[in-house]
Amino acid sequence: MTTLAEMAVEVLATADGRAKCALSQRHAESWFAARAAGVPIPVGTASPPSHPARPAQPELLDPRDVPRRRPGSPQGRIALLHAVAHIELNAVDLHWDIIARFGHIAMPPGFYDDWVKSAAEESRHFNMICDCLEASGSHYGALPAHAGMWRAASDTAEDLFGRLAVVPMVLEARGLDVTPGMIDIFRRAGADQAVAALEVIYAEEVGHVAYGSKWFNWLCGRDGLDPKEVYHTLVLQYFHGALKPPFNEEKRAEAGLPPDFYWPLTGKDEPVD
């Protein structure tokens with residue numbers, strides 16, 4: 001029987017974005033169907049690639065070299081959607097990579113349920129944003145993209161605590177901060193399809209941040225560690241730069257991420273109501 005870790009590597013080794021997401025969703029369906037039938041797929045272990053397979057396009061550039069476009073124009077909004085599609089495709093790989101890379105660490109079944117579910121949701125997000133791009137006369141790969149998206153995965157390839165602290169609890173939490181502004185941009189432009197897609201992403205990303213917080217706190221509790229102190233240490237170790245307000249404190253709190261976790265990492269005082 002193919003293990004979950006082997007399924008994860010299959011996704012990571014698939015280059016085409018749509019094909020990667022279709023495989024991701026099929027594997028998620030298989031995992032949950034087996035769980036429901038009482039014959040769960042073994043997690044197993046695997047050797048994931050250091051970087052996931054990627055299509056020939058988009059061209060990946062240093063973040064400083066990615067052209068900046070104003071979102072007030074149709075071209076600017078296409079560029080924004082393209083950037084979101086790139087983020088979502090990387091998120092698919094990040095969620096499968098945590099399964100493939102850390103399968104040797106004994107975790108409860110719910111850990112795998114959460115990340116398989118997240119990977120399937122990110123796959124749907126990528127497809128929705130690609131649909132928006134294609135409806136606008138563009139496609140994923142038409143513009144250059146950020147080459148540094150996998151850096152957090154590379155930096156935390158041997159540290160499950162670090163992976164949880166930096167990917168869901170910093171990078172995906174940042175999505176909670178910026179997505180409402182993106183929704184407003186597309187709403188003002190009358191781009192209903194993009195608004196609907198971004199609203200789904202916004203709602204489901206809260207869950208992904210919450211999974212990171214839940215399992216980070218679980219690991220700290222298992223080892224008798226102070227989660228806040230460990231989080232601060234790991235973010236300073238693995239995240240390059242200070243965290244930048246403004247923060248969506250309501251959604252972060254909903255995801256189990258309190259202000260005293262992230263405000264001290266900004267170099268500024270937490271605001272007082």
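In the block above lies the structure referred to throughout.
Residues numbered from 1 in each chain as written. Predicted model: local features only at pLDDT ≥ 70, side-chain atom pairs only at ≥ 80, totals over all residues. Heavy atoms only, no water.

**Digging into the overall build of the protein**
(1) Moving on: Looking only at helices and strands, the protein features ten helices and two strands.
(2) Moving on: Element order for the protein, N to C, with α for helix and β for strand: α-α-β-α-α-β-α-α-α-α-α-α.
(3) Moving on: Expressed as lengths along the three principal axes of its C-alpha atoms, the size of the protein is roughly 50 × 50 × 35 Å.
(4) Moving on: Out of the 273 residues belonging to the protein, those deemed buried represent 49%.
(5) Moving on: In the protein, 79% of the contacts between residues at least 6 apart in sequence involve partners at least 24 apart.
(6) Moving on: In the form shown here, the protein has an accessible surface area of approximately 12,500 Å², with 55% of it arising from carbon and sulfur atoms.
(7) Moving on: Treating the 25 positive side-chain charges of the protein as one cloud and the 36 negative ones as another, the clouds have centres 5 Å apart. (Helix = DSSP H or I, 4+ residues; strand = E, 2+ residues; numbered from the N terminus. Buried < 20%, exposed > 50% of the residue type's maximum accessible area, 1.4 Å probe, protein only. Contact = heavy atoms within 4.5 Å. Areas by Shrake-Rupley, 256 points an atom, 1.4 Å probe, with all protein chains shown as cover. Lys, Arg positive; Asp, Glu negative; His and termini not counted. Charge placed at Lys NZ, Arg CZ, Asp CG, Glu CD.)

**With respect to the nonpolar core**
(1) Moving on: Within the largest apolar cluster, 83 residues are counted, with the highest numbers of intra-cluster contacts made by Trp 96, Ile 99, Phe 216 and Tyr 231.
(2) Moving on: Non-local contacts of Trp 96, meaning those with residues more than four positions away in its chain, are made with Leu 4, Ala 8, Val 11, Ser 24, His 27, Ala 28, Val 116 and Ala 119. (Core = buried A, V, L, I, M, F, W, Y, C linked by side-chain atoms within 4.5 Å.)

**Digging into the state of the cysteines**
(1) Moving on: Scanning the entire structure with this criterion turns up zero disulfides.
(2) Moving on: Left without a disulfide partner, Cys 21 is nearest to the cysteine sulfur of Cys 130, which lies 7.4 Å away.
(3) Moving on: Judged by its relative accessible area of 0%, Cys 21 is buried.
(4) Moving on: This cysteine, Cys 132, is not joined by any disulfide, and Cys 130 carries the nearest cysteine sulfur, 9.2 Å off. (Disulfide = S-S within 2.5 Å.)

**Notes on unusual backbone geometry**
(1) Moving on: Cis rather than trans, the peptide bond between Gln 57 and Pro 58 has omega equal to 15 degrees.
(2) Moving on: Its location among the elements puts Pro 58 in the loop between helix H2 (17-36) and strand S1 (60-61).
(3) Moving on: Cis geometry is found at the peptide bond from Pro 245 to Pro 246, where omega equals 10 degrees.

**Some remarks on the environment of Lys 20**
(1) Moving on: With respect to the secondary-structure elements, Lys 20 resides in helix H2.
(2) Moving on: Separated by 21 residues in sequence, Lys 20 and Ile 41 have C-alpha atoms that sit 20 Å apart.
(3) Moving on: Leave out the neighbours within four places in its chain, and Lys 20 touches Val 11, Leu 12, Thr 14, Ala 15, Pro 52, Ala 53, Arg 54, Leu 89, Val 92 and Asp 93.

**A short note on the environment of Met 128**
(1) Moving on: Inspection of the secondary structure puts Met 128 in helix H4 (residues 109-135).
(2) Moving on: Considered as a pair, Met 128 and Gln 193 are 65 residues apart in the sequence and their alpha carbons are 8.8 Å apart.
(3) Moving on: Excluding its chain neighbours within four sequence positions, the residues that come into contact with Met 128 are Ala 197, Val 200 and Ile 201.

**Some details on the packing of aromatic side chains**
(1) Moving on: As enumerated under the stated definition, the model contains eleven aromatic pairs in all.
(2) Moving on: Centroid distance Phe 216 to Tyr 231: 6.1 Å. Interplanar angle 80 degrees. Geometry classified as edge-to-face. On the criterion of sequence distance, the pair formed by Phe 216 in helix H7 (residues 192-222) and Tyr 231 in helix H8 (residues 227-238) is long-range, its members being 15 residues apart. By the burial criterion, Phe 216 is buried, and Tyr 231 matches it.
(3) Moving on: Pairwise contacts between aromatic rings join Phe 111, Tyr 112, Trp 115, Tyr 211, Trp 215 and Trp 218 into one cluster. (Phe/Tyr/Trp six-rings, centres within 6.5 Å; stacked < 30°, edge-to-face > 60°.)

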